[in-house]
Amino acid sequence: MSRSPSTPVERAYAASEAITRDQARNFYYGIRLLPPRKRAALSAVYALARRIDDIGDGDAGGDPSTAGKLAALEQVRMSVRQAREAEPDPRDPVMVAVTDAARHYPIPLGAFDELVDGVEADVRMDDEPGASAPYATFDDMVGYCRQVAGSVGRLCLGIFGSRPHPEAPAYADALGIALQQTNILRDIREDLGNGRVYLPTDELARFGVDLRLDSRGNLADPHGGLAEFIRFSAERAHHWYADGLRLVPLLDRRSAACATAMAGIYRRLLDDIAADPPSVYHQRRSLSGRQKVGVAVKALAGRAPGGVRV
């Protein structure tokens, strides 16, 4: 029987791990494969990243206006900067845990600034009529993905640690970007319903896609162009996964299992979407708990997505 957390820092980590267990429906299958200290540190990072995301989506409570969200995001930004220079607010267990984790691992706290930048872009998109499709090219979309997901990949790498390699941060960045591309393809309908479009406008035009919802709230695709575009985008995302998974051999066994499980769940989801693009027109695709456990077990056994041994 494990003892109850007794110090403020232990209680802060316990609070962060509770948030992660409750909210990280995909990531927690990988995070739980880490040894306790790394699991606690990564849970703290996830809990803060989740807070930032929830502010942008209006799910964090507080003032739901654009000004209120931007003010809350700026407060997070200042809290992270304070974590580099002084003691965190003891009333904020997540920041207490993040600050302690950064003292034990080389976590690049500046990556949280990038994540805040990306979420601020979301908030401003919501507030600007006619600006719901701000990403003109794929490179523009990648820039956004790097802010909101590549940043998280680099934060994770700070906790994982790796053998010395000049490209390790770039591999972590690519893996995060691959996961975010999967999210974007999964959530086209939901995002459009919320007035957000992340897909590159030049590519939508090339595939003849008029991105809109029909009378039932489903994605309209009368000529099949959207399905063709999704298959094309999924194939491209696979190349980002291949690049990002070059990180795995640089990690220790448990960290490699964590990264492989997280990537494997999203890559399996991407495969399912590519095999049946119209399935995202009316629902939010996900894997079952049993499928996620299967991916995690393979990851712990040392198998990367696709069955490649690492």
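The model shown is predicted, which means the values in this text are computed figures rather than measured ones.

Basis of the calculations
- Residues numbered from 1 in each chain as written.
- Predicted model: local features only at pLDDT ≥ 70, side-chain atom pairs only at ≥ 80, totals over all residues.
- Heavy atoms only, no water.
- Helix = DSSP H or I, 4+ residues; strand = E, 2+ residues; numbered from the N terminus.
- Contact = heavy atoms within 4.5 Å.
- Axes fitted to C-alpha atoms, helices over the stretch in contact; angles between N-to-C directions.
- Parallel < 35°, antiparallel > 145°, perpendicular 65-115°, else oblique.
- Left-handed = near helix turned anticlockwise from the far one by under 90°.
- Nonpolar A, V, L, I, M, F, W, Y, C, P; charged D, E, K, R; others polar.
- Salt bridge = Lys/Arg side-chain N within 4 Å of Asp/Glu carboxyl O.
- Buried < 20%, exposed > 50% of the residue type's maximum accessible area, 1.4 Å probe, protein only.
- Expected span 1.5 Å × (residues − 1).
- Arc of directions from axis to C-beta.
- Core = buried A, V, L, I, M, F, W, Y, C linked by side-chain atoms within 4.5 Å.

Caption draft 1: Inspection of the environment of proline 169 at higher detail. Inspection of the secondary structure assignment puts proline 169 in helix H8 (residues 168–186). In sequence terms proline 169 and leucine 155 are 14 residues apart; their C-alpha atoms lie 9.4 Å from each other. If sequence neighbours within four positions are ignored, proline 169 has contacts with Arg154 and Leu157.

Caption draft 2: Broad picture of the packing of H8 against helix H11 (residues 225–244). Between H8 and H11, whose axes approach to 7 Å, the crossing angle comes to 160 degrees. Of the possible angle classes, the one that applies to H8 and H11 is roughly antiparallel. Pair H8 / H11 crosses with left-handed handedness. Residues Tyr171, Ala174, Leu175, Ile177, Ala178, Leu179, Gln181, Thr182 and Leu185 of H8 form the contact with H11, whose own contacting residues are Ile230, Ser233, Ala234, Arg236, Ala237, Trp240, Tyr241, Asp243 and Gly244. Looking at the contact of H8 with H11 residue by residue, the classes come out as 12 nonpolar, four polar and two charged.

Caption draft 3: The arrangement of the pattern of salt bridges in detail. Under the defined criterion, the tally for this structure stands at 28 salt bridges. Residue arginine 50 is joined to aspartate 54 by a salt bridge in which the shortest nitrogen-to-oxygen separation is 3.1 Å. Note that arginine 50 and aspartate 54 are positioned in helix H3 (residues 36–57) at a spacing of four residues, about one turn of the helix. Residues arginine 91 and aspartate 89 are paired through a salt bridge, measuring 2.9 Å at the closest nitrogen-oxygen approach. Taking relative accessible area as the criterion, arginine 91 reaches 72% and is therefore assigned exposed.

Caption draft 4: Broad picture of helix H1 (residues 8–23). For H1, spanning 16 residues, the distance from its first C-alpha to its last is 22 Å, which sits close to the expected 22 Å at 1.5 Å a residue. The set of residues buried in H1 consists of Ala12, Tyr13, Ser16, Glu17 and Thr20. All buried residues of H1 project into a common sector of 135 degrees when viewed along the axis, lining one side. Looking at H1, the residues exposed on the side facing more than 90 degrees away from the buried face are Pro8 and Asp22. Considering only its buried residues, H1 is in contact with helix H2 (28–31), H3 and helix H5 (93–104).

Caption draft 5: View of the nonpolar core. Among the nonpolar cores identified, the biggest contains 94 residues, and Leu42, Leu48, Ile52, Phe112, Phe160 and Leu211 are the most heavily contacted of them. Ranked by the residues each element gives to this core, the list is headed by helix H7 (residues 138–160), at 13 residues. Once residues within four sequence positions are removed from consideration, isoleucine 52 is found in contact with Leu73, Val76, Phe112, Leu115, Val116 and Val119.

Caption draft 6: How the structure looks around the environment of arginine 212. With respect to the helices, strands and loops of the structure, arginine 212 is situated in the loop between helix H10 (201–206) and H11. Each C-alpha atom of the pair arginine 212 and leucine 73 lies 30 Å from the other, and the pair is 139 residues apart in sequence. Excluding its chain neighbours within four sequence positions, the residues that come into contact with arginine 212 are Leu192, Asn218, Leu219, Ala220 and Pro222.

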